[in-house]
Structure formats: structure tokens, C-alpha cells
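Tertiary structure, described
Single-letter residue listing:
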Amino acid sequence: MAKLIIGDSPDSFPLSVEIPTPNGPATVELTAKHLLATEWAEMREANTDKVNTEIKALFDKARAAAEDEYAASMKKVKKQAKPSEEPHSTEEAEAAKETAILAMIKPVKDSDIKRLVVSNAAQMILNIATGWDLDDAFTQKVLEKMCNKYQGAHSAIFAAYNEKLEGRRLGN
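Quick look at the structure, then. (Residues numbered from 1 in each chain as written. Predicted model: local features only at pLDDT ≥ 70, side-chain atom pairs only at ≥ 80, totals over all residues. Heavy atoms only, no water.)

**As for the pairing of strand β2 (residues 26–33)**
The pairing of strand β1 (residues 12–19) with β2 spans eight bridges and is classified as antiparallel. Along β2, the bridge assignment pairs Ser 16 with Glu 29. Joining the antiparallel neighbours β1 and β2 is a turn of six residues, in which Gly 24 adopts a positive phi near 105°. Note that β2 and strand β3 (residues 129–132) share three bridges and pair antiparallel. For Thr 31, the partnering residue across the bridge sits in β3 and is Gly 131. (Pairing = 2+ DSSP bridges. Helix = DSSP H or I, 4+ residues; strand = E, 2+ residues; numbered from the N terminus.)

**Topic: the sheet that holds β1**
Strands sit in the order β1-β2-β3 across an open sheet of three strands; the sheet is antiparallel. Each having just a single partner strand, β1 and β3 make up the two edges of the open sheet. Direction aside, the axes of adjacent strands within the sheet are offset by 30° on average. Along the sheet, helix α3 (residues 110–128) contacts β2 and β3; its crossing angle with β2, the most-contacted strand, is approximately 60°. Lying over the sheet, helix α5 (residues 153–165) contacts β1 and β2, oriented at roughly 140° with respect to β1. (Axes fitted to C-alpha atoms, helices over the stretch in contact; angles between N-to-C directions. Contact = heavy atoms within 4.5 Å.)

Dropping the structure here:
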């Protein structure tokens, strides 16, 4: 049994991860960084905030495009409108404007959201590990390719990392 030492913790530890693939699980051996519980929590929180901000930016961009489209269409309508066709109140006008803008918003593409998630997952893996046993280089680009190709890879890595840090036994 290992002796518990409160002072220094190891800089790294081996992390064996089963990556789900269409042909069954494939094992990857990572060299993981030993982070304090607070460091790991702060890293996850920062990543969540970053992903949420980037996704919000996609939706904000879609809304801005719809507002521009609405403004352009209103210029045409105002030229053709008669004074009696104007909305009766400011509230009615704002409600009509909001309804029109919402109808014009183009959906944010799922592929754009997945691209953000994959990119951020690859960065998180780089933040918690220093290398692996694969022939491919341990880089952002290669990790993105892995996370994109094997969609459960980043979840499997983060789950295994959590379990190892917490001292839980992996497998049976």
C-alpha cells in the first residue's frame, strides 16, 4: 500500500483510457498532469465559460444578421406604407419588430457548435496531459482530429482523469 504524503504530490501519473470507437474500445496511455482539485475545477469552469461565450457569440451573430435583414426590409416597407398602416403604439411596433427579427434568425449550425466543443476539448486535454503512447504527435490539431473522429474520446479521457484523481478504481 502506498504511503500518503500530504506535502508534495507527483507531477504526473500514467492514465490508461479506453476510447470508444465503432470497432470497440481502443486503449490510449496518457501521461497526465497531477492537478489539485481546485485547479482542475477552475480549469473546467473556465473552459465551460469559454465555450458558453463562444456559442453565445454564434447566436449573437445570427441575431445581428437578422436585425440587419429586418432593417433593410423595413426601409422598403416604409417607402410603401400609408400613414394609417403604422402600428398604434410603440409597444406594438417593438413586438412586431421582435417577432419579425426572431422569424429571420437563421439557425446556428450544429457543426459550428461541435467544432467549438472539439477545439476546446482538445485544449483541455493538452492542459491535463503531456503526452501519449500513440505514433501521432500530441498536438492541438491531432487531438481535435481524434475528438472529431471518435466523438466519445474527450468524455472518456475526462472521466478517466477524474476517476484517477479521486482514486476510484477503473474497470471491474
